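Structural overview for review
Listed below, chain by chain, are the residues.
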Amino acid sequence: SILQMNNIDVSEFWDKQRQLLQHSLATQDVSRFLQWDFIKQTMFHEVSSVALDTLQKSVHWPMLSSAINEDRFGTPTPYTLYPASSGNLIHNAYSLLQMYNFVNNFSAGSLTSIFEFGGGYGSFCRLVYRTGFRGSYVLYDLPEYSELQRLFLTNVGIMNKDITTINS
């Protein structure tokens, strides 16, 4: 059966998202892409204050606090409780913290490779490089999203790392 989400065919939904992204990349100011409504609707998770509090109380906070300083490219919305970052980047850091907390001797710097399926605009990739990852990173995504990832990661100084974007 075809996957459905609130009575909308998932493949139709993503086809529409791809069309919106393709059109927006060609016609809109890409330096503000994080303000595009369809990007906000599909790539944002507004983080709770509990997640930020958990990060700040963690022994990993010194490393994570510098890694979550948000970039200007994309014009992200500052997180109200921590304006140096965005809710999305704080959520990414909280997710990474789970690895530090639950995998014995975990360190992003000790990994040799990461494969990310559906890499959004590249925010998590940026974060792990800023926390010491030096291996190869593969982002597997739809062609338009791969283009967005390359654009974002280039503009935040990460794309020159060992990153590969693969289109589905």
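This section reports on the structure supplied with the text. (Residues numbered from 1 in each chain as written. Predicted model: local features only at pLDDT ≥ 70, side-chain atom pairs only at ≥ 80, totals over all residues. Heavy atoms only, no water.)

1. So, unusual backbone geometry
Selection criterion: Secondary structure counts use DSSP, requiring at least four H or I residues in a row for a helix and at least two E residues in a row for a strand, with both numbered from the N terminus. For every residue, the accessible area obtained with a 1.4 Å probe (protein chains only) is divided by the maximum for its type, and the residue is called buried under 20%, exposed over 50%, and partly exposed between those limits.
The phi dihedral of Thr 75 falls on the positive side, at around 55 degrees, and the residue is not glycine. Inspection of the secondary structure puts Thr 75 in the loop between helix 4 (61-67) and strand 3 (78-79). Accessibility expressed as a relative area gives 26% for Thr 75, which makes it partly exposed. Phi at Asn 105 is positive, roughly 55 degrees, even though this residue is not glycine. Position of Asn 105 relative to the elements: it lies in the loop between helix 5 (87-102) and strand 5 (113-117).

2. Digging into the environment of Ser 65
Here is the rule: Think of a polar contact as two N or O atoms within 3.5 Å of one another; within protein, one of them needs to be a possible hydrogen donor and the other a possible acceptor, and neighboring residues in sequence only count if both atoms come from side chains.
Looking at the secondary structure, you find Ser 65 in helix 4. In the structure, Ser 65 is positioned 66 residues away from Thr 131 in sequence and 9.8 Å away in space, judged by C-alpha atoms. Within the structure, the side chain of Ser 65 is placed 3.2 Å from the backbone oxygen of Pro 62, a separation counted as a polar contact.

3. Digging into the packing of helix 1 (residues 10-27) against helix 7 (residues 143-155)
This is how the line gets drawn: For helices, the fitted axis covers only the stretch in contact; all axes are lines through C-alpha atoms, and the angles between them, taken along N-to-C directions, range from 0 to 180 degrees. For classification purposes, angles smaller than 35 degrees are called roughly parallel, those larger than 145 roughly antiparallel, those between 65 and 115 roughly perpendicular, and all remaining angles oblique. With the far helix as reference, a near helix turned anticlockwise by less than a right angle produces a left-handed crossing, and one turned clockwise produces a right-handed crossing. Here, residues are in contact when the closest pair of their heavy atoms is within 4.5 Å. In the scheme used here, Gly and all other residues not listed as nonpolar or charged are polar, with Ala, Val, Leu, Ile, Met, Phe, Trp, Tyr, Cys and Pro taken as nonpolar and Asp, Glu, Lys and Arg as charged.
Viewed as axis vectors pointing N to C, helix 1 and helix 7 meet at an angle of 45 degrees, and their least axial separation amounts to 9 Å. The orientation of helix 1 with respect to helix 7, classified from their angle, is oblique. Here helix 1 runs over helix 7; the crossing is left-handed. Judged by residue contacts, Trp 14, Gln 17, Arg 18, Leu 21, Gln 22 and Leu 25 of helix 1 engage Pro 143, Glu 144, Tyr 145, Glu 147, Leu 148 and Leu 151 from helix 7. When grouped by side-chain class, the residues that make up the contact of helix 1 with helix 7 number seven nonpolar, two polar and three charged.

4. Topic: the layout of surface pockets
Stated precisely, the cut-off is as follows: The pocket and cavity definitions rest on a 1 Å grid over protein atoms only: a 1.4 Å probe that fits but cannot leave marks a cavity, an open set with protein on both sides within 12 Å along at least five of seven lines marks a pocket, and residues lining either have an atom within 4 Å of a point. Grid points are joined across faces, edges and corners, and a volume is the space filled by probe spheres set on the points.
Within this model, the largest pocket holds a volume of roughly 390 Å³. Around the largest pocket, the lining comprises 22 residues; the ones closest to its centre are Phe 117, Gly 118, Gly 119, Gly 120 and Asp 141. Elements with a minimum of two residues in the lining of the largest pocket: helix 2 (37-43), helix 5, strand 5, helix 6 (123-130) and strand 6 (136-141). Per-class residue counts for the lining of the largest pocket are nine nonpolar, eleven polar and two charged.

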